[in-house]
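Each chain, letter by letter, is given below.
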Amino acid sequence: MQDIFHNQKAYFDTNETKDISFRRTQLKRLKSCLKENEDFLCDAIYKDFKKSKFDTIATELALIYHEIDVAVRQLGNWSRRKSVPTNLVNFPARSYIIPEPLGSVLIIGAWNYPYLLTICPMVAAMAAGCTMIVKPSEMPIRTSNALKKVFSETFDEKYIAVVEGGIPETTELLQLKFDKIFFTGSTHVGKIVYKAAAENLVPVTLELGGKSPAFVTSNAHLKMTAKRLVWSKFLNAGQTCISPDYLMVDESIHEKFLMLLKAEVEKENFAVENDNYPQIINERNFDRLVAMIPREKVVAGGEWDKEKRWIAPTILRDVSFSDKVMEEEIFGPIMPVITYNNLDTAISEVKKLSKPLSAYIFTRSRKQKSKVLNELSFGGGGVNEAVMHISNSNLPFGGVGASGIGSYHGEDGFKTFSHFKAIVDKPNWLELPLKYFPHSSTKLWWIRKIFKF
Ligand code: NAD
């Protein structure tokens, strides 16, 4: 690891990665190597947790291709020097900002969207002109192996290297003095990464998790809301960081809404035999999830098959904030429904938990929409929609508070891996005497005049 790291630093110092046409060429190369290996990559993830080819392409590769296309198209604009007005005290001069790559970076990925969560930050780091070590999650092991194989065949290790492994390898990587660490994973491990980075004063972006609420008010379009919530919750068997973790439903419509949710779940085919419904990633998570299901509160689902690591989409009613299912991020196909009779109180209850990565509001009332959007702090989200904000490269993607630090996607990704150098560029034909000795009350008068105070 040390060797790779030092070689990458030395390579970065050659300035080759700073060249815009180099960056474009490498981004295009990334896209073609992914396209060429699409079947291989889809096969690996299917073997890991039965994620279908359709889902892998629709929820991972399509978004990655889009990010690459946007970066290739916009790179010239993002990376150009930008002039800003010069203030009077610096007259005569030009002022401008030069974006520069941060240097050699470390990208640590999570397991649940193993391609998306490692390759999207890579796209951003490549666009910015960095070299990088990528550490995919070890949990989907075939997927991690596939990334290693594809990238080591495509890129020189001094530019992009994949280092595989779990806690010991990541701990070793975290000792190195990278120019940036980009981490996706749990809040618990995020703290470990943050601490290690602080030792070397390495800046971090932390893409973490949390319990993301979805509010359903009395005047929501209930049928459409049920449809969208069932899709977004049970996508990837609920193992999505921005999936609605729990629902806050207006008491007046909650019986009707529960029936609509149940009907929607029954309409879809989430059977154990369905090749489009993924497995729970491992036995540890399977056991953790099953232990969260109180039999007496099950409205739909509540069945499982341990051998196949399958849990049916499960809807729970009459849940309260003190229930086990509300103690931690669920990260599985369990949808607890909590009722409220006053939106203000509901928001206050949600605010008692850590700031979530996402929040969603389903309503046709502008007032209720504004209330949730203005009063609750969260990473990002949607109105009458869930999860889909991740697919728009024009929106920054990231958390706030315990759900993360920093953001990426599109230009935000470029900025995440860049430093913006601020320059005052002065000619030599004039020098105002203000800043030099001897100081005087006239000079002070001028300073007050210039700064207007
Ligand atoms: P995790 O924190 O267990 O693992 C993430 C990465 O950290 C892995 O590469 C793992 O090898 C490494 N790691 C684990 N323990 C470590 C340790 N002690 N020291 C150093 N490195 C360690 O997370 P996960 O189980 O892969 O993913 C699930 C979590 O990630 C959920 O909380 C989810 O909400 C969150 N998540 C967030 C986003 C986002 O974009 N914000 C996306 C996906 C997942």
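Anything mentioned here points back to the structure above.
Starting afresh in each chain, residues are numbered from 1 along the sequence in its written order. pLDDT decides what is reported in this predicted model: residues at 70 or higher carry local features, side-chain atom pairs at 80 or more are listed and counted, and totals for whole chains, interfaces and linings draw on all residues regardless. Values shown for side chains rest on all heavy atoms present in the structure; no hydrogens or waters enter the calculation.

Overview of the state of the cysteines
Okay, so step 1: What counts as a disulfide here is a pair of cysteine sulfur atoms lying within 2.5 Å. All told, the structure shown has 0 disulfides when counted by the stated rule.
Okay, so step 2: Left unpaired, Cys-42 is separated from the closest cysteine sulfur, that of Cys-33, by 13 Å.
Okay, so step 3: Exposure classes here rest on a 1.4 Å probe applied to the protein chains alone. A residue is buried below 20% of its type maximum, exposed above 50%, and partly exposed in between. A relative accessible area of 4% places Cys-42 in the buried class.
Okay, so step 4: Here Cys-130 is not cross-linked by a disulfide; its sulfur's nearest cysteine counterpart is in Cys-120, at 16 Å.

Describing the environment of Tyr-113
Okay, so step 1: Looking at the element boundaries, Tyr-113 is found in the loop between β3 (104–108) and α5 (116–128).
Okay, so step 2: The spacing of Tyr-113 and Lys-415 is 302 residues in sequence and 23 Å in space, taken between C-alpha atoms.
Okay, so step 3: By definition in these notes, contact holds between two residues if any of their heavy atoms fall within 4.5 Å. Discounting residues that sit within four places of it in the chain, Tyr-113 has contacts with Lys-51, Thr-59, Glu-60, Leu-235, Asn-236, Gln-239 and Thr-240. Secondary structure is summarised from DSSP: a helix means a run of H or I of at least four residues, a strand means a run of E of at least two, and numbering begins at the N terminus for each.

Regarding the site of the ligand
Okay, so step 1: Working definition: residue near molecule or strand if any one of its non-hydrogen atoms lies within 4 Å of it. Of all residues adjacent to the ligand, which total 25 residues, the nearest are Gly-109, Glu-138, Ser-186, Leu-208 and Glu-329.
Okay, so step 2: In this structure, Trp-111 approaches the ligand through a side-chain N or O atom, which is 3.0 Å from an oxygen atom.
Okay, so step 3: Each polar contact in these results corresponds to two N or O atoms within 3.5 Å; when the atoms are within protein, one needs to be able to donate a hydrogen and the other to accept it, and residues that are neighboring in sequence are counted only if both atoms are side-chain atoms. A distance of 2.8 Å is found between an oxygen atom of the ligand and a side-chain nitrogen or oxygen belonging to Lys-135.
Okay, so step 4: For the ligand, whose free accessible area comes to 840 Å², the fraction covered by protein is 90%.
Okay, so step 5: When residues of the shell around the ligand are traced back to their parent elements, those giving at least two are α7 (167–174), β6 (180–184) and α8 (187–199).
Okay, so step 6: Its residues assigned to classes, the shell around the ligand shows 13 nonpolar, 8 polar and 4 charged.
Okay, so step 7: Note: domain ranges come from an automatic or database domain assignment. Here the shell around the ligand gathers at least three residues from each of two domains, domain 1 (2–208 + 402–420) and domain 2 (213–394). Per-residue and other accessible areas follow the Shrake-Rupley method at a 1.4 Å probe size, with only the shown protein chains counted as cover for residues. Nonpolar residues are Ala, Val, Leu, Ile, Met, Phe, Trp, Tyr, Cys and Pro. Charged residues are Asp, Glu, Lys and Arg, and all others, Gly as well, are polar.

Some details on the sheet that holds strand β18 (residues 418–425)
Okay, so step 1: Between any two strands, pairing holds if DSSP finds at least two bridges. If you trace the 3 strands from one edge of the open sheet to the other, you get β1-β2-β18, paired in antiparallel fashion. The two strands at the open ends of the sheet, each matched to only one other strand, are β1 (82–84) and β18. Across the sheet, the axes of successive neighbouring strands diverge by a mean angle of 30°, strand direction being ignored.
Okay, so step 2: Pairing of β1 with strand β2 (residues 94–101) involves 3 bridges; the strand directions are antiparallel. Bridging from a neighbouring strand, Ser-83 pairs with Tyr-96 of β2. Helix axes are fitted to C-alpha atoms over the stretch in contact, other axes to C-alpha atoms as well, and angles between N-to-C directions run from 0 to 180 degrees.

Points about the packing of aromatic side chains
Okay, so step 1: Classification of ring pairs uses Phe, Tyr and Trp, with its six-membered ring standing for Trp, and accepts pairs whose centres are within 6.5 Å; under 30 degrees between planes counts as stacked, over 60 as edge-to-face, and the remaining range as tilted. Evaluated as defined, the whole model comprises 15 aromatic pairs.
Okay, so step 2: When the ring of Phe-5 is compared with that of Phe-178, the centres are 4.9 Å apart and the planes differ by 70°; the resulting orientation is edge-to-face. Of the two residues, Phe-5 is situated in helix α1 (residues 2–12) and Phe-178 in the loop between α7 and β6; the sequence distance between them amounts to 173 residues. Per residue, the accessibility class of Phe-5 equals that of Phe-178, and both read buried.
Okay, so step 3: Here Trp-445 and Trp-446 contribute two aromatic rings whose centre-to-centre distance is 5.2 Å and whose plane-to-plane angle is 85°, an arrangement assigned as edge-to-face.

Describing the sheet that holds strand β8 (residues 213–216)
Okay, so step 1: Strand order in this open sheet of 7 strands is β10-β13-β14-β9-β8-β15-β16, and the pairing throughout is mixed. The open sheet is flanked by β10 (298–300) and β16 (380–383), the only strands paired with a single partner. The mean angle between the axes of side-by-side strands here comes to 20°, regardless of whether they run parallel or antiparallel.
Okay, so step 2: Across 4 bridges, strand β9 (residues 246–250) lies against strand β14 (residues 334–340) in parallel orientation. In the sheet register, Val-249 faces β14, and the bridge partner there is Thr-339.
Okay, so step 3: Where helix α13 (residues 366–375) meets the sheet, its contacts fall on β8, β15 (358–362) and β16, and the angle it forms with β15 comes to roughly 170°.

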